[in-house]
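Observations on the model geometry
Residue strings, one per chain:
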Amino acid sequence: MPGASPSMQSGAGAEAVTENERLSSSSLTCCTTILPPLLTVGGGHDEQSAKNPLSLGPSATTLSYLDSSPAWQVSFSLDGAWLVVAIGSPSACVRVYHNAKFANGRKNLVNDSIKDEWILQATLRSNEATSARTIRSVAVAPLRSLRNELTTVILASASFDGSISIWEYNSKNGNQHTQKDCSSHRHDHDHHDCNHDHSSNNGWQCLAQLEGHESEVKCVCWNATASLLASCGRDKTVWIWEAFLNAAHGNNSSSDWECLAVLPGHDADVKCVQFASSHDLWGDGDEILLSGSYDDTVKVWAEDAGEWYCVASLANVHSSTIWSLAVAPSSTRFISGSADGSLAIYKAYTSAEYRNRFPEEAANVMDVSSHRDGVWKCVGKLPDAHSEPVYSVSYAPARCGHGRIASGGGDGQINVYRETLQSMPDEPKFVMDVSVATGHGDVNHVCWHPWDGSLLTSVGDDGAVRLWKYTSS
């Protein structure tokens, strides 16, 4: 339903958005619901329960019920063929879904008889000793397809047992299972046998298990080239791992990993991490890393001469935990979602631009005249984006149109905001385009399709995956 949400506030005092600008004929419709699998207890069905597994007859000894484990995060492969979901305890696992339209890495655009449906392809679990620990985050590596055929899929999953598992599926190997490349990589670089059971992984194998975090790992994310993996956790640290993936070069399964940096600096749990382009404004690396924390700050990390350092700590924007970060397709903006119910939008400036556009503010920043790095500034805020904590925010792909963002929260809503025509780079104006009740309970994560701006997915406390068809006005 279209909303009459307040316009975005900006530090420069954006003008109010008119009622006509708020009105929208956009829609967000649930087109697919993937329910969690059925679990069973007991040993036999009667006639009633055989017809309906969720109904127990008088003589049945088996009862089927939907898994009640929450779904925490969802991630697409770059070609849109794979969808992976992080599942919490008690059924902690990674559920891997494959779109039936794709075969051998290529989408079938000719045969209309093939349904556009998602099939549970594999359920990946960690070793038995820690299988009850929540899988909190999952991310598919952004591997580019060769000749429009993505034959290898690699994903990272983060567990509350403090480990990160790297999984690979290679369609050329079919359902072959092998443990020959499995190893565990610790901060001291000792190698240990991987304890993952590959007997029912349907072609997936564990390439590595990365260990070093002292407690729960809250988030993992890849950089644009799948050469770096970032992780963060309850131990207040951010880790950066260098990945040497043969699959990224079209070779067979193997990988090697090196911990490049362990970054302290946050005063509490680090909830989320995201890479963004450096635009040559920070350090000498191609990318920077953003991290959001329970300490209510966003920190910006950059690389210079191989060393990672904290560029900035963005404070006094939110009054509570920062649960989610999303980077715009241009990487010149990012947005944060907080437990205070608000969304904040930040823009990157060169130090010269910052001094020229905000001279009074710049005068209060030490050494800004000689600062060689760029500057991130909060230029707008939606103070009442949700009535409960904002747990997730996602920037739409460029094909969706300028300035579309989706957010999900503890109020059970998904909201899509659009940037108005009156928006200015230093004074953005956003209004609610559409808002829907999801049925999830808490909406733990929302994620746009990597290239189809009309498709959005969500997961929540009910364990279901929902795909939404977005139609813009």
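Residues numbered from 1 in each chain as written. Predicted model: local features only at pLDDT ≥ 70, side-chain atom pairs only at ≥ 80, totals over all residues. Heavy atoms only, no water.

With that settled, consider the nonpolar core. Within the largest apolar cluster, 22 residues are counted, with the highest numbers of intra-cluster contacts made by Ile 164, Ile 166, Trp 222, Leu 229 and Trp 257. Secondary-structure elements contributing two or more residues to this core are strand S11 (152–159), strand S12 (163–170), strand S15 (204–211), strand S16 (217–222), strand S18 (238–245) and strand S19 (255–263). Examining the composition of this core, we find that four residues originate from one element, S18, more than from any other. Every residue in contact with Ile 166, bar those within four places of it in the chain, is listed here: Ile 154, Leu 155, Ala 156, Gln 205, Cys 206, Leu 207, Ala 208, Leu 210, Leu 229 and Trp 257. (Core = buried A, V, L, I, M, F, W, Y, C linked by side-chain atoms within 4.5 Å. Buried < 20%, exposed > 50% of the residue type's maximum accessible area, 1.4 Å probe, protein only. Helix = DSSP H or I, 4+ residues; strand = E, 2+ residues; numbered from the N terminus. Contact = heavy atoms within 4.5 Å.)

Time to look at the pattern of salt bridges. Counted by the stated rule, this structure contains twelve salt bridges. For the salt bridge of Glu 216 with Lys 218, the shortest nitrogen-to-oxygen distance reads 3.9 Å. On the basis of relative accessibility, which here comes to 9%, the residue Lys 218 falls in the buried class. One connected set of salt bridges, linked through shared partners, spans Arg 133, Glu 216, Lys 218, Arg 234, Asp 269 and Lys 271. (Salt bridge = Lys/Arg side-chain N within 4 Å of Asp/Glu carboxyl O.)

Right, let's get into empty space enclosed by the protein. In this structure the tally under the stated criterion is two cavities of 30 Å³ or more. Volume-wise, the largest cavity comes out at about 70 Å³. In terms of lining, the largest cavity is formed by Cys 93, Val 94, Leu 124, Arg 125, Ser 126, Ile 135, Ser 157, Ser 159, Ser 163, Ser 165 and Trp 167. Taken together, the elements giving at least two residues each to the lining of the largest cavity come down to strand S6 (93–99), S11 and S12. Counting residues per element, the lining of the largest cavity draws most heavily on S12, which supplies three residues. By residue class, the composition of the lining of the largest cavity is five nonpolar, five polar and one charged. (1 Å grid on protein atoms, 1.4 Å probe; cavity = no way out; pocket = protein on both sides within 12 Å on 5 of 7 lines; lining within 4 Å. Points joined across faces, edges and corners; volume = space filled by probe spheres on them. Nonpolar A, V, L, I, M, F, W, Y, C, P; charged D, E, K, R; others polar.)

Turning our eyes to something else, we now look at the sheet that holds strand S26 (residues 343–349). What the four strands build is an open sheet, ordered S24-S25-S26-S27; its pairing is antiparallel. Strands at the two margins of the open sheet, each flanked by one partner only, are strand S24 (322–327) and strand S27 (375–382). This sheet shows a mean twist of 25 degrees between the axes of neighbouring strands, independent of strand direction. When strand S25 (residues 333–338) meets S26, the two strands line up antiparallel, connected through five bridges. Note that in S26 the partner of Gly 337 across the bridge is Leu 343. (Pairing = 2+ DSSP bridges. Axes fitted to C-alpha atoms, helices over the stretch in contact; angles between N-to-C directions.)

As a further point, take the pairing of strand S32 (residues 443–448). S32 sits mainly inside the fold: six of its six residues count as buried. Looking at chain direction, S32 and strand S33 (residues 455–460) are connected through five bridges and run antiparallel. Each bridged residue has a counterpart across the sheet, and for His 445 the counterpart in S33 is Val 459. Following S32, the chain reverses through six residues before pairing antiparallel with S33.

Turning next to the environment of Val 375. Turning to its location among the elements, Val 375 is positioned in strand S27. For the pair Val 375 and Ala 362, spaced 13 residues apart in sequence, the C-alpha to C-alpha distance is 10.0 Å. With near-sequence residues (within four places) excluded, Val 375 lies in contact with Trp 282, Lys 347, Ala 348, Tyr 349, Ser 351 and Tyr 354.

What follows concerns the confidence of the model for the chain. Low pLDDT marks regions whose predicted coordinates should not be analysed in detail. In the predicted model, the chain carries a mean pLDDT of 82, and the fraction of residues at 70 or more is 75%. Predicted confidence is poor over residues 1–8, with pLDDT under 50, and the contacts of this stretch with residues over four places away or in other chains come to 29 contacts. Here residues 10–23 is a poorly scored stretch, pLDDT under 50, and it has 31 contacts once near neighbours within four places are set aside; other chains count. (pLDDT = per-residue confidence, 0-100.)

What follows is about the packing of aromatic side chains. Taken as a whole and judged by the stated rule, the model has 13 aromatic pairs. Ring centres of Trp 82 and Trp 204 lie 5.7 Å apart, and the angle between their planes is 85 degrees; on these two criteria the pair is classed as edge-to-face. Of the two residues, Trp 82 sits in strand S5 (residues 82–87) while Trp 204 sits in strand S15, which places them 122 residues apart along the sequence. Classification of Trp 82 as buried rests on a relative accessible area of 6%. The class of Trp 204 is buried, set by a relative accessible area of 0%. Taking the centre distance of 5.9 Å and the plane angle of 50 degrees together, the rings of Tyr 354 and Phe 358 count as tilted. With respect to class, Tyr 354 is no different from Phe 358; both count as buried. By way of ring pairs, the aromatic residues Trp 282, Phe 334, Tyr 346 and Trp 376 are connected into one cluster. The lysine or arginine in question, Lys 347, covers the ring of Tyr 349, its NZ or CZ lying 4.2 Å from the ring centre. Here Lys 377 stacks its cationic end above the ring of Phe 358, 4.7 Å away from the centre of that ring. (Phe/Tyr/Trp six-rings, centres within 6.5 Å; stacked < 30°, edge-to-face > 60°. Lys NZ or Arg CZ within 6 Å of the ring centre and 35° of its normal.)

The four strands are arranged S1-S34-S33-S32 in an open sheet whose pairing can be described as antiparallel. Each having just a single partner strand, strand S1 (27–34) and S32 make up the two edges of the open sheet. Neighbour-to-neighbour, the strand axes of this sheet turn through a mean angle of 25 degrees, independent of strand direction. Note that S1 and strand S34 (residues 465–471) share seven bridges and pair antiparallel. Within the sheet, the bridge partner assigned to Leu 28 lies in S34 and is Tyr 470.

Moving on: the state of the cysteines. A complete count under the given rule lists zero disulfides for this structure. Summary of cysteine pairing: Cys 232 is not part of a disulfide, and the nearest cysteine sulfur, belonging to Cys 219, is at 4.9 Å. With relative accessibility at 0%, the residue Cys 232 sits in the buried group. Of the cysteine sulfurs around Cys 272, a residue in no disulfide, the closest is that of Cys 219, at 6.4 Å. A relative accessible area of 5% means that Cys 272 is categorised as buried. (Disulfide = S-S within 2.5 Å.)

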